[in-house]
Amino acid sequence: MGMTMSQKILAAHAGLEEVKAGQLIEADLDLVLGNDITSPVAINEMKKMDRKTVFDKDKIALVMDHFIPNKDIKSAENCKCCREFACRHEITNYFDVGEMGIEHALLPEKGLVVAGDAVIGADSHTCTYGALGAFSTGVGSTDMAAGMVTGRAWFKVPSAIKFELVGKPSKWVSGKDVILHIIGMIGVDGALYKSMEFVGEGIRNLSMDDRFTICNMAIEAGGKNGIFPVDELAAEYMKEHSKRGFTAYKADEDAEYDETYVIDLSQLKPTVSFPHLPSNTRTIDQAGDVKVDQAVIGSCTNGRIEDMRIAAEVLKGRKIAKGVRCIVIPATQSIYLQAMREGLLEIFIEAGAVVSTPTCGPCLGGYMGILAAGERCISTTNRNFVGRMGHVDSEVYLASPAVAAASAVAGKIICPCRLD
């Protein structure tokens, strides 16, 4: 029996000719990632190990992004711990204030991940890098510590689900709508510990930013990882951002999949996840009359330049509704600069929004947009669990940048097409 894309990458990194679903393997790692919340735990665990140094200072990335700039003493202490560790071990890829960004937008931008890589990160949305044809997945801080020391990690080889994408999305339908549709279809555990492999001619109609968004939220369906095959667009992206060579893996024709779904992109509509699960989806025409108090446009899911451009297209010449707070967060310094050069920040500010430095901030209820009891937020983030963005009696609705921006203008959840 043949292998899937993910299985081929894992086999190569385990030094095996083939692997099968359910097999336990130990694989070499190309990158180990941590942030300002998860890294201090890993650093403390590493102190308990016999080996006191990292396996490769060039293959560890520490990104200060969740509470940066520091919001309180605890976050300052966490970052100090990471900063001192990075200095002590001469970590090449340490990113702090002034050069940081939201980790899952920053690493591809910096060229630290390419096709064929095996990557672990102490953050569940590490699965983002599958958009480049890499096997990347989230782990706990203890596994991160072991990875930093040994350069290896244990995996149970995942089985896979094939998603065949066909057709072309209509106006205002983006990668966010694609993945919300899929999660609504299969549920938050529909791909539990499985590789979500996206194939089909419809991929050519998805930008790299769309693909990053889709892979980013594979974990919200329970997926071990999400992955796209490497096409010309992905190859061009990697050549632009990275000096490293890459290996493009293709699934064998006789690869085994647990299920296969065909998704016709032309039939999708803008989609919203209602509280309190990403799978609680409704198309925009089923949303009803839901008033919002806040709109957040950003995060590792939707803070890239394409997201900024779409939001600006909706907000240009319009005003945020009275009583609505609209917070725009470019995902990296580079994206911030590009948005500034294109005049997008001016559009946001003139519309009545605020523009934040890159940060995960409100996504995890950290800061820069915490909700009070009874408040509702339309957000381009990836989770809407109870209390995710603040008070347990608040509500988060997940949507694309286009829908979030339009809703900020209307004061209620609405499709951009209804603003015309």
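Residues numbered from 1 in each chain as written. Predicted model: local features only at pLDDT ≥ 70, side-chain atom pairs only at ≥ 80, totals over all residues. Heavy atoms only, no water.

**A closer look at the overall build of the chain**
Convention followed: Put simply, DSSP H or I for four residues or longer makes a helix, DSSP E for two residues or longer makes a strand, and each gets a number counted from the N terminus. For this measure, only C-alpha atoms enter the radius of gyration; the expected value for a globule follows 2.2 Å times N^0.38, where N is the number of residues. Throughout, exposure labels follow a simple rule: accessible area from a 1.4 Å probe, protein chains only, divided by the maximum for the residue type, with under 20% read as buried, over 50% as exposed, and the rest as partly exposed. Should any heavy atoms of two residues lie within 4.5 Å, those residues are considered in contact.
A tally of regular secondary structure across the chain gives 13 helices and 18 strands. Scaling as 2.2 N^0.38, a compact globule of 420 residues should have a C-alpha radius of gyration of about 22 Å, and the chain matches this with 20 Å. Reported as C-alpha extents along the three principal axes, the dimensions of the chain are approximately 60 × 50 × 40 Å. Out of the 420 residues in the chain, the part that is buried amounts to 60%. Here the analysis covers contacts within the chain between residues at least 6 apart in sequence; of these, 76% occur between residues at least 24 apart.

**Digging into the sheet that holds strand 4 (residues 93-95)**
One key point about sheets: their strands pair by backbone hydrogen bonds, in either a parallel or an antiparallel sense. The condition is simple: Following DSSP output, two strands are said to pair if at least two bridges run between them. Think of each axis as a best-fit line through the C-alpha atoms, taken over the contacting stretch in the case of a helix, with angles from 0 to 180 degrees between the N-to-C directions.
Read from one edge of the open sheet, five strands run 4-3-2-5-6, paired in parallel fashion. Each having just a single partner strand, strand 4 and strand 6 (135-138) make up the two edges of the open sheet. This sheet shows a mean twist of 15° between the axes of neighbouring strands, independent of strand direction. Sheet analysis places strand 2 (residues 31-35) next to strand 3 (residues 60-63), joined by four bridges and oriented parallel.

**Side note on the environment of Ala 255**
Positionally, Ala 255 belongs in the loop between helix 8 (232-241) and strand 11 (259-264). Considered as a pair, Ala 255 and Gln 7 are 248 residues apart in the sequence and their alpha carbons are 9.6 Å apart. For Ala 255, the contacting residues outside a window of four places in its chain are Gly 2, Met 3 and Thr 4.

**Some thoughts on the domain arrangement of the chain**
Interface size is commonly expressed as the accessible surface area that is lost when the partners come together. Short version of the rule: These domain boundaries are the output of an automatic or database domain assignment. Two parts placed together each lose some accessible area under a 1.4 Å probe, and the buried area is that loss summed for both. Salt bridges are defined by distance alone: a side-chain nitrogen of Lys or Arg within 4 Å of a carboxyl oxygen of Asp or Glu.
Each assigned domain of the chain is listed with its residue range as follows: domain 1 (5-263) and domain 2 (271-418). Contact with domain 1, which involves 39 residues of that partner, is made by 41 residues of domain 2. Between domain 1 and domain 2 lies a buried interface of about 3,100 Å² when both sides are counted; carbon and sulfur atoms form 60% of it. For the interface between domain 1 and domain 2, the tally reads two salt bridges.

**Here we look at the UniProt feature "binding site: [4Fe-4S] cluster" (unreviewed entry) in the chain**
Rules: UniProt positions are given in the numbering used here, feature names are shortened, and annotations may be inferred rather than shown by experiment.
When the UniProt feature table is mapped onto this chain numbering, "binding site: [4Fe-4S] cluster" (unreviewed entry) sits at Cys 300, Cys 360 and Cys 363. For the annotated residues, spread through 64 residues, the largest C-alpha to C-alpha distance comes to 9.2 Å, consistent with a single compact locus. Inspection of the secondary structure puts Cys 360 in the loop between strand 16 (354-355) and strand 17 (376-379). Its relative accessible area of 10% is what places Cys 360 among the buried residues. Every residue in contact with Cys 360, bar those within four places of it in the chain, is listed here: Asp 65, His 66 and Ile 102.

**What to know about the pattern of salt bridges**
Tallied over the full model, the rule gives 19 salt bridges. Residue Arg 152 pairs with Asp 28 through a salt bridge whose shortest N-O separation is 2.2 Å. With Arg 152 in strand 7 (residues 152-156) and Asp 28 in strand 1 (residues 24-28), the pair connects residues that are 124 residues apart, well separated along the chain. Because the salt bridges share partners, they merge into one network encompassing Glu 26, Asp 28 and Arg 152.

**Focus on the packing of helix 10 (residues 305-315) against helix 11 (residues 333-341)**
Heads up, the rule is: By definition, any crossing whose near helix is turned counterclockwise from its far helix by less than a right angle is left-handed, and any crossing with a clockwise turn is right-handed. Under the scheme applied, nonpolar residues are Ala, Val, Leu, Ile, Met, Phe, Trp, Tyr, Cys and Pro; charged residues are Asp, Glu, Lys and Arg; polar residues are all the others, including Gly.
Two elements in contact, helix 10 and helix 11, have axes whose closest approach is 9 Å; the angle formed by their N-to-C orientations is 35°. Along this stretch, helix 10 crosses helix 11, giving a crossing that reads as right-handed. Every residue of helix 11 that contacts helix 10 at Ile 305, Met 308 and Arg 309 is listed here: Ile 335, Gln 338 and Ala 339. Classifying every residue of the contact of helix 10 with helix 11 gives four nonpolar, one polar and one charged.

**Some words on the sheet that holds strand 10 (residues 225-227)**
Taken together, the four strands give an open sheet; going across it, the order is 10-9-8-11, and neighbouring strands pair in parallel fashion. Each edge of the open sheet carries a strand with a single partner, namely strand 10 and strand 11. Here the average twist between neighbouring strands, direction ignored, is 20°. Across six bridges, the pairing between strand 8 (residues 159-166) and strand 11 is parallel.

**Quick word on the packing of aromatic side chains**
We apply this condition: Whether two aromatic rings pair depends on their centres lying within 6.5 Å, for rings of Phe, Tyr and Trp, where Trp uses its six-membered ring; planes under 30 degrees apart make the pair stacked, over 60 edge-to-face, and the rest tilted. In our convention, an over-ring charge means Lys NZ or Arg CZ found within 6 Å of a ring centre and within 35 degrees of that ring's normal.
Scanning the entire structure with this criterion turns up six aromatic pairs. Judged by centre distance (5.5 Å) and plane angle (15°), the ring pair of Phe 163 and Tyr 261 falls under stacked. Residue Phe 163 is found in strand 8, and its partner Tyr 261 is found in strand 11; the two are separated by 98 residues along the sequence. By relative accessible area, which is 0% here, Phe 163 ends up buried. Taking relative accessible area as the criterion, Tyr 261 reaches 26% and is therefore assigned partly exposed. Relative to Tyr 397, the ring of Phe 274 has its centre 4.9 Å away and its plane inclined at 80°; by these criteria the two rings are edge-to-face. On the criterion of sequence distance, the pair formed by Phe 274 in the loop between strand 12 (271-273) and strand 13 (281-283) and Tyr 397 in strand 18 (residues 395-398) is long-range, its members being 123 residues apart. There is no split in this pair, since Phe 274 and Tyr 397 are both buried. Taken together, the aromatic side chains of Phe 163, Phe 198, Phe 228 and Tyr 261 make up a single cluster linked through ring pairs. Here Lys 156 stacks its cationic end above the ring of Tyr 193, 5.0 Å away from the centre of that ring.

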